Amino acid sequence: MMGKFLDPATTDDKNEETKEESEERSQDSKPEFSEDEVTLIARMFRLVGERWSLIAGRIPGRTAEEIEKYWTSRHTSSTSTSTSSER
């Protein structure tokens, strides 16, 4: 019976480690978007530009930060490459 009192504490410690690890992974990894979300982001970007909160308002469950991170990770490197090659 005493073992039951110790198990939850051990489980909580493991959960804390798992939460921290998943947060680190989520910060390092690029957020995954569905094909529909990607299409909508591209269309909205053409219409409103870098108004990430406005775009996020059209995609349930997404934040402006997630959308901006996705967009810049996909489009910034290609823009800077083409700019340097034009010089």
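To be clear, the structure that these remarks concern was listed above.
A brief report on the enclosed structure follows. Fair warning: this is a prediction, and the values are worked out from it, not measured in the lab. (Residues numbered from 1 in each chain as written. Predicted model: local features only at pLDDT ≥ 70, side-chain atom pairs only at ≥ 80, totals over all residues. Heavy atoms only, no water.)

Most often, soluble globular proteins keep nonpolar side chains buried together rather than apart. Counting 12 residues, the largest nonpolar core consists of F33, I41, A42, M44, W52, I55, A56, I59, A64, I67, Y70 and W71. Counting residues per element, the ones that place at least two in this core are α2 (35-48), α3 (52-56) and α4 (64-86). At 4 residues, the largest contribution of residues to this core is made by α4. Here I55 is in contact with I41, M44, F45, V48, G49 and I67, once residues within four sequence places are set aside. (Core = buried A, V, L, I, M, F, W, Y, C linked by side-chain atoms within 4.5 Å. Buried < 20%, exposed > 50% of the residue type's maximum accessible area, 1.4 Å probe, protein only. Helix = DSSP H or I, 4+ residues; strand = E, 2+ residues; numbered from the N terminus. Contact = heavy atoms within 4.5 Å.)

This brings us to α2. For α2, which comprises 14 residues, the first-to-last C-alpha distance of 20 Å matches the rise-based estimate of 20 Å (1.5 Å per residue) to within 8%. Listing the buried residues of α2 in full gives E37, I41, A42 and M44. Phi turns positive one or two residues past the end of α2, at G49, with a value near 75°. (Expected span 1.5 Å × (residues − 1).)

Moving on to the packing of aromatic side chains. Tallied over the entire structure, the rule returns 4 aromatic pairs. With a centroid separation of 4.6 Å and an interplanar angle of 50°, the aromatic rings of F33 and Y70 are classed as tilted. With a gap of 37 residues between them, F33 in the loop between α1 (2-28) and α2 and Y70 in helix α4 connect regions that are remote in the sequence. The exposure class assigned to Y70 is buried, which follows from its relative accessible area of 8%. Judged by centre distance (5.7 Å) and plane angle (20°), the rings of F45 and W52 are stacked. Taking relative accessible area as the criterion, W52 reaches 8% and is therefore assigned buried. Through a chain of ring-to-ring contacts, the aromatic side chains of F45, W52 and W71 assemble into a single cluster. (Phe/Tyr/Trp six-rings, centres within 6.5 Å; stacked < 30°, edge-to-face > 60°.)

Treat this as a map of the structure, not an account of what it does.
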